[in-house]
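# Structural overview for review
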2 protein chains.
Amino acid sequence: MSKTINKLSIIPLGGVGEIGKNMTAYCHGNDIIVIDAGLKFPEEEMLGIDIVIPDITYLIENKQKVRGIFLTHGHEDHIGGLPYFLKHINVPVYGTKLTLGLVEAKLREHGLLDTANLNVITNRSVIQLGCFEVTPFYNNHSIPDTVGFAIDTPEGVVVHTGDFKFDFTPVDGRTADYHKLAELGERGVLALLSDSTNAERPGYTMSERVVGQTIDEVIANAERRVILATFASNLHRIQQVFEAAERHGRKVTVVGRSMVNNINIALELGYLKISKGTLVEPDEINKLPADKIVILSTGSQGEPMSALTRMARATHRKIEILPDDTVIIASSPIPGNEKFVARTIDQLFRIGAKVIYQSVSGVHVSGHASQEELKLMLNLVRPKYFIPVHGEFRMLKRHAELAEMVGVNPDNIFIVDIGDTVEFQNGRGRLGPKVTAGNVLIDGLGVGDVGNIVLRDRKLLSQDGILVVVVTLSKQDGSILSGPDIISRGFVYVRESEELLEEANRIVTQTLSKLVSENVNEWSSLKTGVRDALGRFLYEQTRRRPMILPIIMET
Amino acid sequence: MSKTINKLSIIPLGGVGEIGKNMTAYCHGNDIIVIDAGLKFPEEEMLGIDIVIPDITYLIENKQKVRGIFLTHGHEDHIGGLPYFLKHINVPVYGTKLTLGLVEAKLREHGLLDTANLNVITNRSVIQLGCFEVTPFYNNHSIPDTVGFAIDTPEGVVVHTGDFKFDFTPVDGRTADYHKLAELGERGVLALLSDSTNAERPGYTMSERVVGQTIDEVIANAERRVILATFASNLHRIQQVFEAAERHGRKVTVVGRSMVNNINIALELGYLKISKGTLVEPDEINKLPADKIVILSTGSQGEPMSALTRMARATHRKIEILPDDTVIIASSPIPGNEKFVARTIDQLFRIGAKVIYQSVSGVHVSGHASQEELKLMLNLVRPKYFIPVHGEFRMLKRHAELAEMVGVNPDNIFIVDIGDTVEFQNGRGRLGPKVTAGNVLIDGLGVGDVGNIVLRDRKLLSQDGILVVVVTLSKQDGSILSGPDIISRGFVYVRESEELLEEANRIVTQTLSKLVSENVNEWSSLKTGVRDALGRFLYEQTRRRPMILPIIMET
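All of these numbers come straight from a predicted model, not from anything done at the bench. Each chain has its residues counted from 1, following the order in which its sequence is written. Numbering of ligands from 1 and lettering of chains from A proceed in the order in which they are written. Given that this is a predicted model, residues contribute local features only at a pLDDT of at least 70 and side-chain atom pairs are listed and counted only at 80 or more, while totals for whole chains, interfaces and linings are drawn from all residues. Side-chain metrics rest on all non-hydrogen atoms present in the structure, leaving aside hydrogens and water.

### Here we look at the sheet that holds strand β23 (residues 466-473) of chain B
Residue and element names in this part refer to chain B. Test applied: Two strands qualify as a pair provided that DSSP identifies no fewer than 2 bridges between them. We count a stretch as a helix when DSSP gives it H or I for four or more residues in a row; a strand needs E for two or more, and each element gets its number in order from the N terminus. Fitted lines through C-alpha atoms serve as axes, helices being fitted only where they are in contact, and the angles separating the N-to-C directions of these axes extend from 0 to 180 degrees.
With mixed pairing, three strands are arranged side by side in an open sheet as β24-β23-β25. Two strands bound the open sheet, and with one partner strand each, they are β24 (480-489) and β25 (547-554). Averaged over all pairs of adjacent strands, the angle between strand axes in this sheet comes to 10°, irrespective of strand direction. Bridge count for β23 against β25 is eight bridges, and the pairing is parallel. In the strand pairing of β25, L473 is matched with E554.

Written out as C-alpha cells, the structure reads:
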C-alpha cells in the first residue's frame, strides 16, 4: 500500500465545463468517496451516440480506496452513469428514498439490482466512510428528496450543494436545511462546491407554487380537455396537477412510459398523494365528458417518439388531441431541443388546440438557483475556498464573480476542468496534477468502442454519402476483368445521375489502365489512384466529397 | 393563351409555416409578379445539404406570364434564391440600391450578372407591370434600404410589408413611410400580408439606437481592444461602431469575408459614412496600442469557420484575442445555433477575455416588429383581409389573433401554407386550389438531386456507419472462392473489435453455404440472406444497425 499522504484532493470527473455527467471524487490518504454518477446527452457531432458517461479510469486504478458513492438526487445527469460505475466499482450507494427508488429501476434493467448495496439516507444522517464523515442536508430542486452533502474531512468541512434552489414555499413543505448550512458556516467551511447552472440569471428563481397557480387557473378556465406535458421527474408539479384537477372535478390519466413509471414509484414510496378515484386509466377517459379530463404526458421537449408528439400527430394508440383541447407545455427547452419543441407547438396549433408554453406564460420555473440565491448560499456557508461546479465555463466564471462580490478571496476561487485536482493541505488550497478524465461514448451495447475515427467517418458519411468501387483485375497482366461497378449510398439520386456515374466509371477505368501501364501494381497505390482521380472528378462535377471505398480484386 | 380570369391570386411559395425562403406570387389574368426569392438554411435532418430554396415549378409552368420580381431587402432569406430563380425565369429585378448592390455580388458569383436586368427603385417609385402597379414604401429593419410594397391590382390594393419594425429614431434618420401607409389605409386596402416573426413578443422592439448607446459605453470603458461581432448586413450597427470608435479615439479594422465585402459595398454605395483614417488594415493594428483598437468581425452565430471563432482559437492568420480584450457578441442566436454561440463564449472566457453577450446585456435588438408595432401596422393599413406571413405556424396564429383584436373580421383572416392560393374576386376572398410548392435542396452544385432516399441513407450512415461485405463465388458450384472480406466505416473501432468482425465473417460464410446448398442462387436472394443474417447478428451483439452492403462476385 502506498504511503498515506495527508492532503485532501477534490477531483471533478464530470460536470465542470459542461452541463451533464456530474461526478466528483473526494480523496484523502487511502480513502475515496464519490458524489454522483451522471450521464450527458451527446453533442451534435457525436453522431449515433446514445449517451456519454465520465471516464472513471482514475477511480478504477484506485478501486481499493473507493469507500462509497453518494447521490444528490434522481436526475439522469446525476444517476444515469451509475450502472456503468457499479459494473467496475461495486461499492455501497447512498441516496434518499426517492433517489434510490429511481436507481433501483435503472439497476434492474442492467441486471445489477441483486449485487448492489443500496443505503437510504435522510436529512442529517451521518455516514462515516474511512476518514470522511458525510452529512446530507435537504435542499430544493425540480425533483423531490434532493440533498447536498457536508463532508467532514481531516482538512476541514467541504459543502457540496448538488443541484439546488431556495424555494421558500416548497410544494411538499420541506424547505432547505438553512439551519444546517448556517451552523456549518458558523463553525467554518474549508470549501464550497456550488451549482452554477443559473449563475447568468439575475434575481431569484420563482417558487414551484407559482406554476401550481397558473396550472390551476388554466384548468379552471378550460372548456374541454387539458393536456399537460412536463418532466416525468418533477413530482411536485405533478402533485399540483392532481390537486388542481381534483379541485375542478376532473379525472387525471397518465401517458408516456417514464411518466407512468415515475408516478408509480412516487406513489409506492409516498411522494405523491392522490385522492382515491382521481387517477384513471387512459381507456376510461373516453367515457368522460371533455371538461372532466386532465391528461398528464411526457414529451415536453418535443421528443419525436414521446406521448405528446404522438398524440399531436394522431399516432398515439389511445389518445388523440382534438380542436379546442388546452395543451400546457410546462418546461423550457433544453439547449438543442428548441426546434423540436417549436415543431410540436406548431403541430398542436395546427390541430386547433389552445397551446400554453413558456415564451408566452408562466407554466415553468427553473430548478436551479439564480444569482441572489447563489449569493445567499455563499453568505450562509462563508467558505474559505470556492469551486463553482455544474456548468459550462461561462457559468462557472459568472459564479466565481458572484463569490468574489460576496467576499471570497479571488485567489481562493478555482475554476476547474474535468480531471483537475484541487488539493488542500494545512488549510491551504492549490491546483494539483491532472488525472485521466473525459467522455466515454455509449452506442447501443458498446461502451467506449466508438471514438474519433468512427465519429469522423460517420460525419463524412452523413455529409455526402459513400461510393463503393468494385473492380477485378487479371493476375497476369493487370487488365480489368470485371467492373468497375460503382455503388453509391447517400450521394445522389442514382436515377437522375446516370451520366455522372457512367463518366465516373470511365475515370476509374482510365486511371487503372494508366497505372497498370506504368507498372504500378501495389494495391494501396492503385486504390489511392482511384480514390484521388474519382474524388477530384466528383468534386469538380458536384462540389461534394463522398467517401470513396475502392475494392480491387485479383483473379 | 388561356382565357383571362378576372381574379387576383396570392400564392406564398415560401415563408409561411417556416422561417426562411420567402417568396410570394401575385397573379391576375396573364400577369404574375413575384416578391422576394429567399433561401432557408437546412433543418437538422437534411444532412449534408447546403441551402434550401422554394420549388418554383408553378412559376416555371407559367413563365410567359411572369413580368418581374421585386425584392424587399438584401437578407439571404429574401434574395438568396434569386440566382436559381433567374436561371429559369430571367425577368426584370426591382430592388433598392443597397439590395441590388448585394444582389450584384451574388449574381457575379453565379455568372449571371451580365444577363440580369436590374432596376433600382426607391420610396414611392411607381412600377407598372401588366395589370399591377407597384409602389415601394420605406420601412425599418436590421439592414438599410428595406421596403414594403403597395400593389395596386384590379381587385384593390394589397400591402406586402416585407420584414419590418417601426424604429422611431432610426440610425440613418430614414423613418418608415407612415404617411403612405396612412394614405393607403384611408383609401382602403383589400389585403395586408405582414411580417409575423415577433408576433409572440409583447410590447415594442427597441430602437437600434439603444445598441449604439451600449456599444459606446463599452468602448468608452474598455481598457484594451474591443472586438465586436455582428451580422455583416447590419450596417446601421456597423455605422454606430465606427462612430463610437471615433469618439473614443480608436481605429477600426474589419475581419471576416462577408463583413469585408458588405462594408465595401456599403461604402461604395454611400450606406456607411466613415471619417478618413478610422478604417485600417488588419496588419496595421499590431502597431497600435490596445486601447486604440476596435475589431469588427463576423462570427456572431458561433460559426466554426468564422473570424471570431478562429480568433478565439488562435487559428486566425492575423489576429488573436488576448486576455482582457473585450468581446461584444451583438446578436442573439438563431434557433439551432445556441450551442455554437455558447461554445464560442466559453472559449472567449477561457482566454480571459471580457465577454458581453445578449443574455446578460443589451447589445442586440431585433429587426422585427413586436406585437404593438404589428397592431400599429394593422391600424394604419386597416385591411379588409389579412394574411400573416414570414413565420412558423404558431407565429402566424398569434399574428392572426392580433389582427382579430384590432378589428379584422376573423372570417377574413387566412393562415396559409406554401402552395395555398388566396383568391380575390369582386371584393371577396377565399382559399383557391393548391399549386406545387415545397423545398428544393441544394448540395454543392446539385439542385434537387438529393431527396428523401438519399437523406434517409445519410441518416442511417450517420447513426451506425456501413459494412461492405465482399465475396467471390464459383460459377460452377457456388462455393466461396475468396472472401468474405468485411470493410467497415463509422461502425466500430476495428482494432478493438477483431473478434466481432471475425464472427461476422463466419456468419456470412455459413449463410452463403447454406443458401447455396439449398440451391438459392439469384443474387438478390443471396444478398438479402447475407444482409438479414449479418444485421441480426450485429444488432444482437451491439444494438446497432449499420447499413450492410453485400457485394457478391462470380468467377
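### Topic: the UniProt feature "binding site: Zn(2+) 1" (unreviewed entry) in chain A
Residue and element names in this part refer to chain A. Let me state the cut-off plainly: UniProt positions are given in the numbering used here, feature names are shortened, and annotations may be inferred rather than shown by experiment. The contact definition used throughout considers only heavy atoms, calling two residues in contact when any of these lie within 4.5 Å.
The positions UniProt marks with the feature "binding site: Zn(2+) 1" (unreviewed entry) are H73, H75, D77, H141 and D163. These annotated residues cover 91 residues of sequence, and their C-alpha atoms lie no more than 13.6 Å from one another, placing them together at a single site. The contacts of H73, once residues within four sequence positions are left out, are D36, H78, I79, T99, H141, I143, T146 and D163. By secondary structure assignment, the location of H141 is in the loop between β9 (132-138) and β10 (147-153). Once residues lying within four places of it in the same chain are set aside, the contact partners of H141 are H73, H75, T146, D163, F164, K165, H236, G367 and H368.

### Description of the sheet that holds strand β3 (residues 31-35) of chain A
Residue and element names in this part refer to chain A. Taken in spatial order, the eight strands line up as β7-β6-β5-β3-β2-β1-β19-β20 in an open sheet, and their pairing is mixed. Two strands in the sheet have a free side with no partner beyond their single neighbour: β7 (118-120) and β20 (428-431). On average, each strand axis in the sheet is inclined to that of its neighbour by 20°, with strand direction left out of account. Bridging between strand β6 (residues 93-95) and β7 involves three bridges; their strand directions are parallel. Residue pairing across strands places Y94 opposite N119, the latter belonging to β7. Here helix α4 (residues 97-109) sits on the sheet and contacts β6 and β7; the angle it forms with β7, its principal contact strand, is near 160°.

### Some thoughts on the packing of helix α13 (residues 452-464) of chain A against helix α13 (residues 452-464) of chain B
As a reminder of what qualifies: What sets the label is the angle itself: under 35 degrees gives roughly parallel, over 145 gives roughly antiparallel, 65 to 115 gives roughly perpendicular, and the rest give oblique. Residue polarity follows a fixed list, in which Ala, Val, Leu, Ile, Met, Phe, Trp, Tyr, Cys and Pro are nonpolar, Asp, Glu, Lys and Arg are charged, and the others, Gly among them, are polar.
At their nearest, the axes of α13 of chain A and α13 of chain B sit 8 Å apart, and the two run at 175° to each other. Considering the angle they form, α13 of chain A stands roughly antiparallel to α13 of chain B. Residue-level contacts link R458, L461, S462, Q463 and D464 of chain A of α13 of chain A to R458, L461, S462, Q463 and D464 of chain B of α13 of chain B. Classifying every residue of the contact of α13 of chain A with α13 of chain B by side-chain character gives two nonpolar, four polar and four charged.

### Details of the relation of the copies chain B and chain A
Quick note on the threshold: In superposing the copies, a least-squares fit is computed on C-alpha atoms, taking residues whose pLDDT is at least 70 in both.
Between chain B and chain A, which share one sequence, the superposing operator has a rotation angle of 180° and an axial displacement of 0.1 Å; the RMSD is 0.2 Å. What we have between these two chains is a two-fold relation. Using C-alpha coordinates, one finds that chain B approaches the rotation axis most closely at S462 of chain B, a distance of 2.4 Å. A high fraction, 100%, of the interface residues of chain B reappear at the interface in chain A, so the copies pair face to face through one surface.

### Concerning the interface of chain B and chain A
The cut-off we apply is this: Buried area adds together the accessible area that both of two parts lose upon being put together, with accessible area traced by a 1.4 Å probe. The salt bridge criterion pairs a side-chain nitrogen of Lys or Arg with a carboxyl oxygen of Asp or Glu, the two atoms within 4 Å.
With 68 residues of chain B at the contact, the number on the chain A side is 68 residues. Here chain B meets chain A over a buried area of about 5800 Å², counting both sides, of which 54% is carbon and sulfur. Run the count over chain B and chain A and you get twelve salt bridges. A salt bridge links R350 of chain B to D417 of chain A; its shortest N-O distance comes to 3.2 Å. Every element with two or more residues in the side of chain B that touches chain A is listed here: α10 (338-351), α12 (393-405), α13, β23, β24, α15 (523-542) and β25 of chain B. Considered class by class, the residues forming the side of chain B that touches chain A number 26 nonpolar, 18 polar and 24 charged.

### Notes on helix α4 (residues 97-109) of chain B
All names here are of chain B. Inclusion rule: Here a helix's expected span is defined as the number of its residues, less one, multiplied by 1.5 Å.
Over its 13 residues, α4 runs 19 Å from end to end, which matches the ideal 18 Å to within 8%, given 1.5 Å per residue. In the core, the buried residues of α4 are packed alongside α2 (76-79), α3 (82-88), β6 (93-95), β7 (118-120), α7 (235-247) and α8 (257-269). In the stretch just after α4, G111 is the one whose phi turns positive, near 65°.

### Details of the pattern of salt bridges
For clarity, the threshold we go by: Using a 1.4 Å probe on the protein chains alone, a residue whose accessible area is under 20% of its type maximum counts as buried, one over 50% counts as exposed, and one in between counts as partly exposed.
Following the criterion strictly, the structure yields 64 salt bridges over all chains and no others. The partner of E208 of chain A in a salt bridge is R237 of chain A, with the nearest N and O atoms 2.8 Å apart. Taken together, the residues span a long stretch of sequence, with E208 of chain A in helix α6 (residues 208-221) and R237 of chain A in helix α7 (residues 235-247) at a distance of 29 residues. Residue classification places R237 of chain A among the buried residues on the basis of a relative accessible area of 0%. Across the pair D346 of chain A and R394 of chain B runs a salt bridge whose closest N-O atoms are separated by 2.9 Å. Taken together, the positions of D346 of chain A in helix α10 (residues 338-351) and R394 of chain B in helix α12 put the pair across two chains. For the residue pair D346 of chain A and R394 of chain B, the accessibility class agrees, reading buried in each case. Several salt bridges converge on common partners, so that one network encompasses D152, K180, E183 and R187 of chain A.

### What to know about the packing of α4 of chain B against α8 of chain B
The geometry of a pair of packed helices is captured by two quantities: the angle between their axes and the separation between those axes. Residues and elements named next belong to chain B. Going by this rule: In this scheme, a crossing is called left-handed if the near helix is turned counterclockwise away from the far one by less than a right angle; it is called right-handed if the turn is clockwise.
At a closest axis distance of 10 Å, the pairing of α4 and α8 adopts a crossing angle of 130°. Taken together, the axes of α4 and α8 lie oblique to each other. As for the relative orientation of α4 and α8, their crossing is right-handed in sense. Residues K97, L98, G101, L102, A105 and E109 of α4 form the contact with α8, whose participating residues are R257, N262, I265 and L269. Looking at side-chain class alone, the contact of α4 with α8 contains five nonpolar, two polar and three charged residues.

### Here's the deal with the domain arrangement of chain A
All names here are of chain A. For clarity, the threshold we go by: These domain boundaries are the output of an automatic or database domain assignment. Residues adjacent in sequence count toward polar contacts only when both atoms are side-chain atoms; beyond that, a polar contact is any pair of N or O atoms within 3.5 Å, and within protein one must be able to donate a hydrogen and the other to accept it.
With domains assigned, chain A is organised as domain 1 (8-203 + 366-444), domain 2 (208-358) and domain 3 (452-554). Each of domain 1 and domain 3 has a C-alpha centre, and the two are 52 Å apart. At the junction of the two partners, domain 1 supplies seven residues and domain 3 supplies four residues. Together domain 1 and domain 3 conceal approximately 380 Å² of surface at their shared face, both sides included; 63% is due to carbon and sulfur atoms. It is E45, L47 and D443 in domain 1 that bury the most area against domain 3; as a group they hold 78% of the surface buried on that side. With its nearest N and O atoms 2.8 Å apart, the salt bridge here joins R458 to D443. Inspection of the region where domain 1 meets domain 3 yields two residue pairs in polar contact (both at pLDDT 80 or more). Tallied by class, residues from the side of domain 1 that touches domain 3 come to four nonpolar, one polar and two charged.

### Details of the packing of aromatic side chains
Filter applied, for reference: Any two rings among Phe, Tyr and Trp, with Trp reduced to its six-membered ring, count as a pair given centres within 6.5 Å; such a pair is stacked if its planes are under 30 degrees apart, edge-to-face if over 60, and tilted if neither. A ring is considered to have a charge above it if a Lys NZ or an Arg CZ atom is located within 6 Å of its centre and within 35 degrees of its normal.
Per the stated rule, a full pass over the model turns up 18 aromatic pairs over all chains. When the ring of Y385 of chain B is compared with that of F424 of chain B, the centres are 5.1 Å apart and the planes differ by 75°; the resulting orientation is edge-to-face. Here Y385 of chain B is found in strand β18 (residues 383-389), whereas its partner F424 of chain B is found in strand β19 (residues 422-425), with 39 residues between them in sequence. The two residues Y385 of chain B and F424 of chain B agree in class, both being buried. Grouped by ring-pair contacts, the aromatic residues F164, F166, F168, Y178 and Y204 of chain A constitute a single cluster. Directly above the aromatic system of Y539 of chain A lies the positively charged group of R543 of chain A, at a separation of 5.2 Å from the ring centroid. Seen from the ring of Y539 of chain B, R545 of chain B lies directly overhead, with NZ or CZ sitting 3.9 Å from the centre.

### Points about the environment of T555 of chain B
With respect to the helices, strands and loops of the structure, T555 of chain B is situated in the segment after β25. Dropping the residues within four chain positions of it, T555 of chain B is found in contact with T555 of chain A together with T472, L473, S474, K475 and L481 of chain B.

### Description of the UniProt feature "active site" (unreviewed entry) in chain A
Residue and element names in this part refer to chain A. Sequence positions flagged by UniProt for "active site" (unreviewed entry) are, in local numbering, D195 and H368. The greatest C-alpha distance among the residues just named is 7.6 Å, despite their covering 174 residues of sequence, which places them together in space. Tracing the backbone shows D195 in strand β12 (residues 189-195). Taking the relative accessible area as the measure of exposure, D195 reaches 1% and is therefore buried. Secondary-structure assignment places H368 in the loop between β17 (354-356) and α11 (371-381). In contact with H368, not counting residues within four places along its chain, are H141, D163, F164, K165, D195, T197, N198, T205 and H390.

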